[in-house]
Amino acid sequence: MKAITITRPDDWHLHIRDGAMLQTVLPASAQVFGRAIIMPNLRPPVATTAQAERYRAAILSCLPQDSRFKPLMTAYLTDTTDPDDLQRGHESGVLTAVKLYPAHATTNSDHGVSDLKKVYPVLERMQAIGLPLLVHGEVTDPTIDIFDREKIFLERVLSGLLRDFPALKIVLEHATTQEAVDFVAAHAGDGRLAATITAHHLHINRNAIFTGGIRPHFYCLPIAKRETHRLALIKAATSGAAYYFLGTDSAPHPQAAKESGCGCAGIYTAPLAMPLYATIFAQAGKLDNLEKFASRNGPQFYGLAPNTDTITLRQTAQPTPPLACVGAEAVTPFFSPIPVDWEVVH
């Protein structure tokens, strides 16, 4: 198969920042995806309905008048989140979901939840009104090895959430391990648990971070794992199973912040997102399942209709995304060690 036309996809996990960075990186996603779940970990975080409404307005102001791209807003869960405010945001159509960052788990997560029991009343309200919870699935215990943080999160945190909130819809975001995809498959029978899978975790394993030296542009959280886990992610993503769907976790940082003594976690995949996914699906002989993963499973989980238009991808020579610039600083897009020989043509 040299070309494929699919229903326009959605990105169910996207960082587009704010200010000059927002204006620079937004077009790469808005030109391809119909909708995107927008991450709220700005400084300060987008923690209330009013803040989400202002952020949505800022995003829309950066789009061309004829753009059909729709940002789906989230609220950043904190120890002091007001459940009444979340309910207002949900009922008014401002909030699509709420994001749980364990405190200090990743970029700009210092306002995250310090003790899950503190937000149980909020989760109870979310369960009652049907507002999904999106989780960054890592524990932050410093005694736990960084490569085991997702696995331990499943055991210590996610299993308890499923037990204590049997009607709460939950997305385990950016799954990175065999244990994660197995956990989701084992608990997804009632349609309330799903997982997003990134393009970069399908393309790299942890060796990529250290090949020929330190490679900061391959550093993200959750960190890439062993090759066995990458292969498990490919099998899950390309399976057609309804509980896995596309979430790029595209996370731009200025080049200087990545290439520093304490480089930021995050990989900017937006300029090449769909070609990255198409390459993996084609190599696995599963291009016929790309539309399910990219365009159907996510809307089904969130109770939304699929997009009504399409995009076409075709096999080609390896495309090279341009270097995005923010003022005098550059943002380096992800370059896969696997040859990417697909492109979006319309």
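Scroll up a little and you will see the structure.
Residues numbered from 1 in each chain as written. Predicted model: local features only at pLDDT ≥ 70, side-chain atom pairs only at ≥ 80, totals over all residues. Heavy atoms only, no water.

Caption draft 1: Layout of the sheet that holds strand β1 (residues 3–7). Judged by pairing direction, the sheet is antiparallel, and its three strands sit side by side in the order β1-β10-β13 without closing on themselves. Single-partner strands in this sheet number two, and they are β1 and β13 (342–344). Adjacent strand axes in the sheet meet at a mean angle of 25°, parallel and antiparallel pairs treated alike. As defined by bridge partners, strand β10 (residues 310–315) adjoins β13 across three bridges and the pair is classed as antiparallel. Paired with Q315 across the strands is W342, a residue of β13. Along the sheet face, helix α10 (residues 273–283) touches β1, β10 and β13 and points at about 140° away from the line of β13. Sheet strands touched by helix α11 (residues 290–302): β1 and β10. Its angle to β1, the strand with the most contacts, is close to 25°. (Pairing = 2+ DSSP bridges. Helix = DSSP H or I, 4+ residues; strand = E, 2+ residues; numbered from the N terminus. Axes fitted to C-alpha atoms, helices over the stretch in contact; angles between N-to-C directions. Contact = heavy atoms within 4.5 Å.)

Caption draft 2: Quick look at unusual backbone geometry. The step from R43 to P44 runs through a cis peptide bond, and the omega angle for that step is -5°. By secondary structure assignment, the location of P44 is in the loop between β3 (35–38) and α2 (49–61). Phi is positive for H174, which is not a glycine, with a value near 40°. When you line up the elements, H174 lands in the loop between β7 (170–173) and α6 (178–187). You can call H174 buried: its relative accessible area is 2%. The backbone of D249 sits at a positive phi, close to 50°, despite the residue not being glycine. (Buried < 20%, exposed > 50% of the residue type's maximum accessible area, 1.4 Å probe, protein only.)

Caption draft 3: Representation of the sheet that holds strand β5 (residues 95–100) within the structure. The eight strands are arranged β2-β3-β4-β5-β6-β7-β8-β9 in an open sheet whose pairing can be described as parallel. This sheet does not close on itself; its edge strands, each paired only once, are β2 (11–14) and β9 (244–246). Strand-to-strand twist in this sheet, taken as the mean axis angle between neighbours without regard to direction, amounts to 30°. Across four bridges, the pairing between β3 and strand β4 (residues 70–76) is parallel. Note on β4: the bridge partner recorded for I37 is L72. Contacting β2, β3, β5, β6 (133–136), β7, β8 (193–197) and β9, α11 runs over the sheet at an angle of about 115° to β9.

What is shown is where atoms sit, not what they do.
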